[in-house]
Amino acid sequence: MNIWRDLREVFADLLFPGTQPCLFCGSEIMGQGDGGVCEPCKTEILSQADELGQCPRCGMFTSSKICPNCFDWDKTPLLRVISVVPYKGFYRELIQSLKNQGRKETAKLLGGLMAEKAVRTGILPKVDMVVPVPLHPCRESERGFNQSRWLAEEIAAFLSLTQ
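Please read all numbers here as calculations on a predicted model, not as lab measurements. (Residues numbered from 1 in each chain as written. Predicted model: local features only at pLDDT ≥ 70, side-chain atom pairs only at ≥ 80, totals over all residues. Heavy atoms only, no water.)

Evaluation of the coordinates by the stated rule reveals two aromatic pairs. Aromatic side chains Phe145 and Trp150 sit 4.6 Å apart centroid to centroid with 10° between the ring planes, which places their arrangement in the stacked category. Across this residue pair, the class does not change: Phe145 and Trp150 are buried. (Phe/Tyr/Trp six-rings, centres within 6.5 Å; stacked < 30°, edge-to-face > 60°. Buried < 20%, exposed > 50% of the residue type's maximum accessible area, 1.4 Å probe, protein only.)

Below, the structure written as structure tokens:
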């Protein structure tokens, strides 16, 4: 615990209420409604999927064509999976901090990005509710939380949907 850093944060909150640094670029943003990401960073993050190309079926960041894993997978009821960011680098660290360390504040950031991606892809009119992936009761008891539920809560809140 760094008491000086904590005091600086308290002092900054008194002087500049409602502002926080963007988790990606550090620029000051108002409030926490966007999960701690400024609009330019959010736009850049969400445009990565278009630049990297994704399998239209499983969402894997490989190309805009069907990936080798999905090539022969034509008799499944799965219609489409949408990925927000590739599972590597800083994004992997964020996801791991949520899943393995229980950092609930990360769910707000990731859930906000997931909700924004849903809006941008145009699937929102077809969505009635957000359902978390269940976690085995033993695993949830061991972990103390279900990160999927946290994400679902944030997505539902951002999109004004039921969970």
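What follows deals with the environment of Asn100. Within the element layout of this structure, Asn100 appears in helix α3 (residues 89–101). The sequence separation of Asn100 and Arg143 amounts to 43 residues, and the corresponding C-alpha distance is 8.1 Å. Separated by 2.2 Å, the side chains of Asn100 and Gln96 make a polar contact. (Helix = DSSP H or I, 4+ residues; strand = E, 2+ residues; numbered from the N terminus. Polar contact = N/O pair within 3.5 Å; in protein donor to acceptor, adjacent residues only side chain to side chain.)

Turning our eyes to something else, we now look at unusual backbone geometry. One non-glycine residue with positive phi stands out, namely Ser160, at about 55°. Secondary-structure assignment places Ser160 in the segment after α6 (147–159). Judged by its relative accessible area of 68%, Ser160 is exposed.

Our focus in this paragraph is the packing of helix α4 (residues 104–121) against α6. Put simply, α4 and α6 touch, their axes get as near as 8 Å, and they point 50° apart. In terms of orientation, α4 lies oblique with respect to α6. The chirality of how α4 crosses α6 is right-handed. On α6, the residues touching Lys104, Ala107, Lys108, Leu110, Gly111, Gly112, Met114, Ala115, Ala118 and Val119 of α4 are Trp150, Leu151, Glu153, Glu154, Ile155, Phe158 and Leu159. Of the residues assigned to the contact of α4 with α6, the class counts are 11 nonpolar, two polar and four charged. (Axes fitted to C-alpha atoms, helices over the stretch in contact; angles between N-to-C directions. Parallel < 35°, antiparallel > 145°, perpendicular 65-115°, else oblique. Left-handed = near helix turned anticlockwise from the far one by under 90°. Contact = heavy atoms within 4.5 Å. Nonpolar A, V, L, I, M, F, W, Y, C, P; charged D, E, K, R; others polar.)

Within the largest apolar cluster, 13 residues are counted, with the highest numbers of intra-cluster contacts made by Val37, Ile45 and Leu113. Taken together, the elements giving at least two residues each to this core come down to α2 (39–52), α3 and α4. Broken down by element, this core gets its largest block of residues, three residues, from α2. Apart from the residues lying within four places of it in its own chain, the contact partners of Ile45 are Phe24, Val37, Val84, Val85, Tyr91 and Leu113. Core analysis: the next-biggest nonpolar cluster, separate from the first, contains seven residues, Ala115, Ile155, Ala156 and Leu159 among them. (Core = buried A, V, L, I, M, F, W, Y, C linked by side-chain atoms within 4.5 Å.)

A few words on α4. Since one α-helical turn is 3.6 residues long, residues separated by three or four positions face the same way. Over its 18 residues, α4 extends 26 Å from the first C-alpha to the last, a length consistent with the 26 Å expected when each residue adds 1.5 Å. Of the positions making up α4, those classed as buried are Thr106, Ala107, Leu109, Leu110, Gly111, Gly112, Leu113, Ala115, Lys117 and Ala118. (Expected span 1.5 Å × (residues − 1).)

Once that is clear, we can look at the packing of α3 against α4. Helices that pack against each other are described as a pair by the angle of their axes relative to one another and the distance between those axes. Running from N to C, α3 and α4 point in directions that differ by 130°, and their axes come no closer than 8 Å. Compared by their axis directions, α3 and α4 come out oblique. Between α3 and α4 the crossing geometry is left-handed. Contacts from Leu94, Ile95, Ser97 and Leu98 in α3 reach Thr106, Ala107, Leu109 and Leu110 in α4. Split by residue class, the contact of α3 with α4 holds six nonpolar, two polar and no charged.

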